[in-house]
Each structure stands twice: as structure tokens, then as C-alpha cells.
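Given next are the chains, with one letter for each unit.
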Amino acid sequence: MDEKFDIQAYMTRGVERIVADSLKATLRDPRESAFMVKFAAASRKASKIRAEAEKAGEHIPPFLIASITSSCNLHCAGCYSRCNHATEDTEPVRQLTGDEWLAIFREADEIGISYILLAGGEPMLRRDIIEAAGKMQNIIFPIFTNGTYMDDAYFQLFGRCRNLIPVMSIEGGKEETDARRGEGVYDKLIANMDSFHEKGLLFGVSVTVTTQNVEEVISADFLDTLAARGCKLVVFVEFVPVTEESQELAPGEEERTILKEGIDRLRQDYDEMVFVSFPGDEKSSGGCIAAGRGFFHINSHGGAEPCPFSPYSDINVRDTSLREALRSKLFLALQDGDMLVDDHAGGCVLYEKRKQVEELLQIK
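These notes cover the structure that comes with them. (Residues numbered from 1 in each chain as written. Predicted model: local features only at pLDDT ≥ 70, side-chain atom pairs only at ≥ 80, totals over all residues. Heavy atoms only, no water.)

## With respect to the side chain of Asn 146
- Relative to the elements of secondary structure, Asn 146 occurs in the loop between strand S3 (141-145) and helix H6 (152-160).
- Asn 146 sits in the buried class, given a relative accessible area of 4%.
- At a separation of 2.6 Å, a polar atom in the side chain of Asn 146 contacts the side chain of Thr 148.
- Setting aside its immediate chain neighbours within four residues, Asn 146 contacts Cys 72, Asn 73, Leu 74, Glu 122, Arg 181, Val 185 and Leu 189. (Helix = DSSP H or I, 4+ residues; strand = E, 2+ residues; numbered from the N terminus. Buried < 20%, exposed > 50% of the residue type's maximum accessible area, 1.4 Å probe, protein only. Polar contact = N/O pair within 3.5 Å; in protein donor to acceptor, adjacent residues only side chain to side chain. Contact = heavy atoms within 4.5 Å.)

## Some details on the pairing of strand S6 (residues 233-238)
- Counted residue by residue, S6 has 6 buried out of 6 residues, so it is predominantly covered.
- With 6 bridges joining them, strand S5 (residues 204-209) and S6 adopt parallel strand pairing. In the strand pairing of S6, Val 205 is matched with Val 234. (Pairing = 2+ DSSP bridges.)

## Let's talk about the pattern of salt bridges
- As enumerated under the stated definition, the model contains 20 salt bridges in all.
- Linking Asp 187 and Lys 174 is a salt bridge whose minimum nitrogen-to-oxygen distance equals 3.0 Å. With Asp 187 in helix H8 (residues 185-199) and Lys 174 in helix H7 (residues 174-181), this residue pair connects regions lying 13 residues apart in the sequence.
- Given the relative accessible area of 43%, Asp 187 is considered partly exposed.
- When the shortest N-O distance is used, the salt bridge between Arg 327 and Glu 324 registers 2.5 Å.
- Here the residues in one salt-bridge network are Glu 58, Arg 323, Glu 324 and Arg 327, joined through shared partners. (Salt bridge = Lys/Arg side-chain N within 4 Å of Asp/Glu carboxyl O.)

## Here we look at the nonpolar core
- Counting 111 residues, the largest nonpolar core has Phe 105, Ile 116, Leu 118, Val 234 and Phe 236 as its most contacted members.
- With residues up to four places along the chain from it excluded, the contact list for Phe 236 reads Val 207, Val 209, Val 217, Ile 218, Leu 259, Ile 263, Leu 266, Phe 275, Val 276, Ser 277 and Phe 278. (Core = buried A, V, L, I, M, F, W, Y, C linked by side-chain atoms within 4.5 Å.)

## Re the environment of Ser 81
- Structurally, Ser 81 is set in helix H3 (residues 80-83).
- A relative accessible area of 4% means that Ser 81 is categorised as buried.
- Sequence separation between Ser 81 and Ile 289 is 208 residues; the distance between their C-alpha atoms is 20 Å.

Here you go:
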């Protein structure tokens, strides 16, 4: 680990801030606030577990991203998952089963992971896995969904299991969202939000930030639309180019400054909402937090990868534990080297330096 930067302390502070913001955001809803009080206690316990592991020389990140399926019903423009062939239209073969994912969730709880982000493909196609996640009340599961599979059964599940938080992808207004995701998607998302609000259920949105929409997605007009419908969580995800043609959409220093200053303002103006930026300010976080520094990724077939944008793996959780996956040769080489803290043009440093990552995979 970098001696000049305490990644464990940095990530713990980040988790504590998210928990504190979430408690504040749910004060007016007795059911949500009761759950968040219980989760706050579980989060403190998880932090202690990670701190004890750190003292013993083992770094456990608080976040895991789990791509629970490689199927999706949409073809969004610039989708990293399709460009990386992690999402296909063909029938998936040998994906992890619901029982295998439940075992992963249980081990994650044991080693102190507090948040597991469910992604895909379209994660809501795997209702069995989401139901399993609902049983793990010490972990919050944000579900990054396109929102097109929301139904009464899911609304009932989210009502019973407050640790499941649907996070619907939106690009800004109707024109921007439908242009990237398909005609009618924006109206479906708005209808979902109204239903969540009516039922008193917590939900969030995920916004892909590009050089073209950064000003709009931090604007009062956009945030007022979300706030009026009861949105409590906004996750800003910087666009990662996975083709040379889309490089110009990746936020650079100027756009990242605009986003950071905008989020600071939003946290003041919308105190009942939680704002998270991914990957966030990498300079203040000691570089990229992938490869187990702050989070890691498990793909739908069990491969442990640095992050969804860097689909490289030398170990599979089907054959080993999460603990062993975090000690994979690839993860340790990335943590011990300079690549994660190197300056880069924009988007994902590991994608930009993918040839070097591929070379690390050849090390025996």
C-alpha cells in the first residue's frame, strides 16, 4: 500500500459519510430511518472487521460490484459492457447460480464488505439473486437497473427488504435519455419514480456524466425533477470510453472540476439526498480505487476483475474464496505498482493502460 496515503482510513471516512447522509435523507420515513439506524451499527462493525484485517496485513475494501447477469434487453449507445462483450444477446452459459451468489454475499458479510452494487447486463432479470440479497440485512445492495423490469412483485420485495435500493439509469432529460437508451425509456423511469414515491420506497438514479451533459445533470432543473419524485440517491458515474471514437465524451480535468464543485453545492442545496461520484476525485483518493483498493468486481461467471471497465481476471470465485480473490497476483501487482496512481487523460486509467494490464496477466 502507498505509505503516503491511508486507503483504509480514506474509505472508512467515505462509508461513514454515506451512512450519515443516508440517515439524514431518511429521517422523515420511519421505516427507512429504522433500517438505516440498524445498518449504521452493522457498518461500524464491518469497519472494525476491516481495520483488524488491515492490522494483520490484509486489506479488505468496503465495496464490491457484482455483475449478476450478462443478459440485457437494451442496447444503450456506448455501453461498456457490450463493447467488452460482457453483455451478449445469446443465452448465457454457466453463469453463477443464485446459491453461488448467496455464498458470495455471506462471505462478503463475514469479511466486512458493507456495500455490494448489483449490476449486469440488466440485474433485475435475476430475481432469484435479488431475493437472496434481500436476506443479507447487514449489506446495502444498490441495484443498477435500466428500470424496464419494474413490476408489483419487485415493489413488494423492496418494501420488505429495505437494504435493496434500486438505482435507475437516466441521462438527464427525456431527449438525452431516450437518445442513448431507447424511445420510451424516460417515460418508464418517471412512472417508476412516481410509483416509488407513492409507495414510500427508497430509490436512486445513476447518471453517466460526459463532456456534453455535465452542466445539465448538476443543474437545479434536473435535480428538482428528481427531488419532487422522492429520489434520495444520485450516483454520478464518469463516462468511460471503451472505443477510440468515444474518447471525446470522457470527462477531463475541467469537467471533473465542474462535477466536483457541483456536487459540493448539491449537498448543501438538497440535504435530503445522497450524492456519490464514481470514480470521484482520484487525486484526493490516492489514485484509482479499483483492484481491491476500494472496491473490486466479480463478473457473471465468477471472474474477479479490477473493475467492470477493466475486464481482466486471473482467478475465479467458483474455485476459491473472496479473500483469496483479493490476493490474486493481478490485484496485488496493480496495488503494488504505480499504474493506479498514474495520471491519465480521462475515463478509466486501467482501460487507458490495458496493454500493461494484459502484460501483468502473463506474469507467473
